[in-house]
Amino acid sequence: QVQLVESGGGLVQAGGSLRLSCAASGRTFSRYTMGWFRQAPGKEREFVAAISWSGGTTYYVDSVKGRFTISRDNAKNTVYLQMNSLKPEDTAVYYCAADPDLGTYDYPRSYDYWGQGTQVTVSS
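In this text the structure is predicted, and so the values were computed from the model without any measurement.

Overview of the side chain of Ser21
Along the polypeptide, Ser21 turns up in strand 3 (residues 18–24). Residues in contact with Ser21, not counting those within four places in the same chain, are Val5, Glu6, Ser7, Trp36, Thr78, Val79 and Tyr80.

A short note on the nonpolar core
In this structure, Leu4, Met34, Trp36, Leu81, Met83 and Tyr94 are the most contacted members of the largest nonpolar core, which totals 34 residues. Listing elements by their share of this core, those giving two or more residues are strand 3, strand 4 (33–39), strand 5 (46–51), strand 7 (68–73), strand 8 (78–83), strand 9 (92–99) and strand 11 (118–123).

A look at the sheet that holds strand 7
Taken in spatial order, the four strands make up an open sheet running 1-3-8-7, and their pairing is antiparallel. Each edge of the sheet is formed by a strand with only one pairing partner; in this case those strands are strand 1 (4–7) and strand 7. Ignoring strand direction, the axes of neighbouring strands in this sheet form an average angle of 15°. Relative to strand 3, strand 1 is paired through four bridges, and the arrangement is antiparallel. Across the sheet, residue Ser7 finds its bridge partner in strand 3, namely Ser21.

Analysis parameters
- Residues numbered from 1 in each chain as written.
- Predicted model: local features only at pLDDT ≥ 70, side-chain atom pairs only at ≥ 80, totals over all residues.
- Heavy atoms only, no water.
- Helix = DSSP H or I, 4+ residues; strand = E, 2+ residues; numbered from the N terminus.
- Contact = heavy atoms within 4.5 Å.
- Core = buried A, V, L, I, M, F, W, Y, C linked by side-chain atoms within 4.5 Å.
- Buried < 20%, exposed > 50% of the residue type's maximum accessible area, 1.4 Å probe, protein only.
- Pairing = 2+ DSSP bridges.
- Axes fitted to C-alpha atoms, helices over the stretch in contact; angles between N-to-C directions.

Quick look at the structure:
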């Protein structure tokens, strides 16, 4: 069992930055692919970024490439999402998720464990 707790969300002006953190419990965190998803009101949950267990491979949705960076610190059981040059369309609840089985990285059902989410609001 893995528990995930996100933090770092908030209100920021367009062009600003935020860093989200996701702290995980459990001794096998370092074996999991970790992902960030987001969900805006009235929309489906959307893949944002993912990172392999070693941190050596990362994936991003096209709309955040060059602006967001996913990273992880396995010694701290934490995954991060650095978000720069934020846009109003980035406004959503952001969730981190853990996939123990090397499923399709951008498919929500590949992930077995989810955090409660953290709100990110970008004002224009």
